[in-house]
Amino acid sequence: MPDRLPIKKTYKLFVGGAFPRSESGRTYEAQGQNVARASRKDVRDAVVAARAAQPKWAGATAYNRGQVLYRIAEMMEARAAEFAELAGGRDEVERAIDRWVWYAGFADKLAQVLGSSNPVAGPYFNFTVPEPTGVVAIVAPDEPPLLGLVTRLAPALVGGNAVVALASETSPLAAIELAEALATSDVPAGAVNLLTGFRAELAPWLASHMDVNAIDVTGADGLRADLERAAADNVKRVVAGSPDSQSLYEISAFLELKTVWHPIGM
Amino acid sequence: MAEVEKRRGSAPVPHEWTYAPAPESREIVSIHERYGLFVGGEWLEPTETYTTLSPASEEPLATVAQATPTEVRHAVAVAREAFADWSALPGSERAKYLFRIARILQERSREFAVLESLNGGKPIKESRDVDLPLAAAHFFYYAGWADKLEYAFPNRKPRPLGVAGQIIPWNFPLLMLAWKIAPALAAGNTVVLKPAETTPLTALLFCDVVRQAELPPGVVNIVTGDGSTGAALVDAPVDKIAFTGSTDVGKAILSRLAGSGKKLTLELGGKAANIVFDDAAIDQAVEGIVNGIYFNQGHVCCAGSRLFVQESVAEPVVDKLKRRMATLRVGDPLDKNTDVGAINSKAQLEKIEELVAAGRDEGAEIYQPPCRLPERGYWFAPTVFTKVAQSYRIAQEEIFGPVLSVLTFRTPDEAVEKANNTPYGLSAGVWTEKGSRILWMAERLRAGVVWANTYNRFDPASPFGGYKESGFGREGGLHGLAPYLDGNGGDA
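Residues numbered from 1 in each chain as written. Chains lettered and ligands numbered in written order. Predicted model: local features only at pLDDT ≥ 70, side-chain atom pairs only at ≥ 80, totals over all residues.

## So, the overall build of chain A
- The secondary structure content of chain A amounts to ten helices and ten strands.
- In terms of overall dimensions, chain A is globule-like: its C-alpha atoms have a radius of gyration of 19 Å, near the 18 Å expected for 266 residues.
- By its C-alpha atoms, chain A is 85 × 40 × 30 Å across when sized along the principal axes.
- Across the 266 residues that make up chain A, the buried fraction comes to 55%.
- Sequence separation of 24 or more characterises 73% of the internal contacts of chain A that already satisfy a separation of 6 or more. (Helix = DSSP H or I, 4+ residues; strand = E, 2+ residues; numbered from the N terminus. Rg over C-alpha atoms; globule rule 2.2 N^0.38 Å. Buried ≥ 20, exposed ≤ 12 C-beta atoms within 10 Å, placed from the backbone. Contact = placed C-beta atoms within 7 Å.)

Dropping the structure here:
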């Protein structure tokens, strides 16, 4: 018998900035722990939270969003040892942290590199600006559990979208640890929501949800075609990326382009 | 001269306008009796055919091919074969072909305009002054990009995708062809394009331009037919599908392509809000409202079909609008005085009639100016509905006809909320004298194009495309190149 019994963590969901258990009361076993097994109702709650949080997050200045992302990197660095245990080791953690930093620096450059002013005929100042698509669902890959999630999450978030992400099904603990880092950084409640559970049970509800604007199916594996079919219902933007890539175009996949014809006159 | 009736306390009302008929001559166009499939620079004899009509007179114009899946796959194979050489050409050489096409379209614009009005029913003054100049400008614009792709996407090594399957609608047949073909070719792709079932003729005349420009065989292939031909093209081994048309068909294409990995861009329907504030220049706004919904008989995906007027000016705006509507001349598309031409097809006319009947049944108040519609052909008078609730079908569904629904608002916030209350998000209009308000509104409207103090204005340099269920991907401008290139996130 040990001198002191250690306190074990209850692994919960991250929705609207809070850590609820699944409303279903169910859990499943992964990485030797009992992890919340989210339900369809949890998916809907997460979408509601994301939708509510999105305008404020998008309305923050680009400079501010950049700082918030950088703050996530700071919070992760402080927990690097824990992350390394739950994910694939120190290297994966460092790359995930650096990914946040890279995207943080892009927040206030998107309009400059993706927008344009367009020389049109007539007395109009015509310009094109990128805007967030809204609520983005992410089906994160199983592997690498931390880097894969961050790789898909950071580019969606930096452009002003709110996110509902399904964590790695086989190794969800790093995602829950990430939720704790997010909760203690400056990300507004609801801008990122993380669910754990069975992908085949949850992803179809995200794909068919009429208030989700885009879905990242990078981790969908065999479900991809079904998810794409379900996503057609409200013409969701479907993104199939890589679990380990980093580019401007990962961001623009979650952006819309708005063109404005502004009159010129006396 | 116009006879003008003076009314006390209000603007003069045009009583009756008399014009001598001023029809554009059809002689400039020679329509073949029969058209085949344009594949590999040759006309192939089709296995199945159908007849294309003039919607203004229901007179048959020509027999055209109804391409079968086998014929479509053959066209794709021919385009695939042409791709290697075409994509290997220096961009500067590809550019020269596109410049040539632009020039030929300018030269032959009268011929194309007449044929467009004849086959599609749109007024000649629109096909002459809008469709043709814009189509030529589009080729000219993208010609210049062909050897400058590295400037558009620095450090990305942009590469063409291969064969693009392109499906276009019947509302701007040649212009939509230009929107599709010009960027695809500039980027180094080859194309198989399917024109709309009811309006194949200008695309078939364009094949003549392709030959005249000495474009290598197989770079542009045109297959005509109905929806089944379109479906065959979606299923064929193409690298990309570009579709402009209804949201329903767009969704069907999405499900059909699910899991295929084919790249896709969709430009779908709309139910645009045209928002008039109380400080707007009212007469100018009324012109914009008319242009927004009656241009091209309202067969416009970005048509300003929901008019939101600030309550304090709702009465004068609607009064002036009705008076202006009374001056619209409906009739022969080939007459240079015509403002509103024929409805494109019987099926479309029936759809408009069905929705207008629903508007009446649901309790909206209808106004149509007195006008005599021709007996033959498909016609619908310019229509405005007032007393419309947001829940009415005429405020929710795309009518794609000359039918306007008028709603009101009190505050800018309310205008934004009502305008965005639709699954669509293609375009919006804002009318106000206040520049800061224009930008405030533009920031909040969930639409891909926002026109301020103007409407339905297009330019090859200006990206066009939707939010939400109006589709994704952009056509026009630098952004219009992305869907036809790899290495640039073109599927984004």
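## Some words on the overall build of chain B
- Check the secondary structure of chain B and you find 15 helices and 21 strands.
- Relative to the compact-globule value of 23 Å for 492 residues, chain B shows a C-alpha radius of gyration of 22 Å, a close match.
- On the principal axes, the C-alpha backbone points of chain B span a range of 70 × 50 × 35 Å.
- In chain B, buried positions account for 58% of the 492 residues.
- Looking at chain B alone, contacts between residues at least 24 apart form 72% of all its contacts between residues at least 6 apart.

## As for the pairing of strand β4 (residues 124-132) of chain A
Residue and element names in this part refer to chain A.
- With three bridges joining them, strand β3 (residues 116-118) and β4 adopt antiparallel strand pairing. In the strand pairing of β4, S116 is matched with T128.
- In sequence, β3 turns back onto β4 through a hairpin of five residues, with G122 there showing a positive phi of about 105°. (Pairing = 2+ DSSP bridges.)

## What about the packing of helix α6 (residues 173-186) of chain B against helix α7 (residues 201-212) of chain B?
All names here are of chain B.
- Running from N to C, α6 and α7 cross one another at 55°; their axes reach a closest spacing of 8 Å. Put simply, α6 runs oblique to α7. By crossing handedness, the relation of α6 to α7 is classed as right-handed. On α7, the residues touching P173, L174 and L177 of α6 are T202, A203 and F206.
- Of the residues in the contact of α6 with α7, the class split is five nonpolar, one polar and no charged. (Axes fitted to C-alpha atoms, helices over the stretch in contact; angles between N-to-C directions. Parallel < 35°, antiparallel > 145°, perpendicular 65-115°, else oblique. Left-handed = near helix turned anticlockwise from the far one by under 90°. Nonpolar A, V, L, I, M, F, W, Y, C, P; charged D, E, K, R; others polar.)

## Details of the sheet that holds strand β19 (residues 449-452) of chain B
- Pairing within the open sheet is mixed, and its ten strands lie in the order β3(A)-β4(A)-β10(A)-β19(B)-β18(B)-β13(B)-β14(B)-β17(B)-β16(B)-β15(B). What marks the edges here is a single partner per strand, and that holds for β3 of chain A together with β15 (365-367) of chain B. Strand-to-strand, the axes of this sheet are offset by a mean angle of 20°, without reference to chain direction.
- Where strand β14 (residues 306-310) of chain B and strand β17 (residues 403-409) of chain B come together, five bridges link them in parallel fashion. In the sheet register, V309(B) faces β17(B), and the bridge partner there is T408(B).

## So, the environment of A314(B)
- One can find A314(B) in helix α11 (residues 314-325).
- Each residue touching A314(B), except ones within four places of it in the same chain, is listed here: V309(B) and T408(B).

## Focus on helix α12 (residues 346-362) of chain B
Residue and element names in this part refer to chain B.
- Between its first and last C-alpha atoms α12 spans 24 Å; for 17 residues at 1.5 Å apiece the expected length is 24 Å, and the two agree.
- When we look at burial in α12, the residues that qualify are Q348, I352, V356 and G359. Seen from one end, α12 has its buried residues packed into an arc of 70°, which puts them on one side. The exposed residues of α12 that point more than 90 degrees off its buried face are A347, E350, E354 and D361.
- Residues of α12 that are buried in the fold lie against β15, β16 (383-386), α13 (393-396) and β17.
- Directly beyond the C-terminal end of α12, a positive phi value near 115° is found at G363. (Expected span 1.5 Å × (residues − 1). Arc of directions from axis to C-beta.)

## Overview of helix α8 (residues 227-235) of chain B
- Every buried residue belonging to α8(B) is among T229(B), G230(B), A232(B), L233(B) and V234(B), and all of these are buried.
- If you follow the buried residues of α8(B), they end up packed against α1 (69-88), β8 (163-167), β9 (190-194), β11 (240-244) and α9 (247-257) of chain B.

## A few points about the domain arrangement of chain B
All names here are of chain B.
- For chain B, the assigned domains are domain 1 (37-268 + 468-486) and domain 2 (273-452).
- Look at where the C-alpha atoms of domain 1 and domain 2 centre, and you get two points 30 Å apart.
- Between domain 1 and domain 2, the residue contacts involve 21 residues of the former and 26 residues of the latter.
- The greatest single-element share of the side of domain 1 that touches domain 2, amounting to four residues, is contributed by helix α3 (residues 109-120).
- Split by residue class, the side of domain 1 that touches domain 2 holds seven nonpolar, seven polar and seven charged. (Domains from an automatic or database assignment.)

## Considerations on the nonpolar core
- Formed by 187 residues in total, the largest nonpolar core has its most connected members in V163(A) and L98(B).
- Here the element with the most residues in this core is helix α4 (residues 124-145) of chain B; it accounts for twelve residues.
- Of all hydrophobic cores here, the second largest spans 71 residues; its members include Y294(B), V340(B), V356(B) and V430(B). (Core = buried A, V, L, I, M, F, W, Y, C linked by C-beta atoms within 7 Å.)

## With respect to the interface of chain A and chain B
- Opposite the 28 residues of chain A that make contact, chain B presents 35 residues.
- Elements with a minimum of two residues in the side of chain A that touches chain B: β3, β4, α9 (224-231), α10 (248-252) and β10 (255-263) of chain A.
- The biggest single contributor to the side of chain A that touches chain B is β10(A), with eight residues.
- Split by residue class, the side of chain A that touches chain B holds twelve nonpolar, nine polar and seven charged.
- As paired strands, β10(A) and β19(B) are joined by three bridges and run parallel to one another.

## With respect to the confidence of the model for chain B
- Averaged over every residue, the pLDDT of chain B is 95; residues scoring 70 or more account for 96%.
- Scored as a complex, the prediction yields pTM 0.95 and ipTM 0.95. (pLDDT = per-residue confidence, 0-100.)

## Here we look at unusual backbone geometry
- Residue E143(A) is joined to P144(A) through a cis peptide bond whose omega torsion reads -10°.
- By the element assignment, P144(A) lies in the loop between β5 (135-139) and α6 (147-158).
- We note that F400(B) has phi near 60°; this positive angle belongs to a residue other than glycine.
- With respect to the element layout, F400(B) can be found in the loop between α13 and β17.
- On the neighbour-count criterion, F400(B) (24 C-beta atoms within 10 Å) is buried.
- The phi angle at K468(B) is positive, at roughly 50°, despite the residue not being glycine.
- Looking at where K468(B) falls in the secondary structure, it is placed in the loop between β19 and β20 (471-472).

## Digging into the packing of helix α2 (residues 91-107) of chain B against α4(B)
Residues and elements named next belong to chain B.
- Two elements in contact, α2 and α4, have axes separated by 8 Å at closest approach and are oriented at 165°. For the element pair α2 / α4, the angle class is roughly antiparallel. You can see that α2 and α4 cross each other, and the crossing is left-handed. Contact with α2, carried on its side by A95, L98, F99, I101, A102, L105 and Q106, involves L132, A135, A136, F139, F140, Y142, A143 and G144 of α4 and no other residues of that element.
- The residue makeup of the contact of α2 with α4, split by class, is 13 nonpolar, two polar and no charged.

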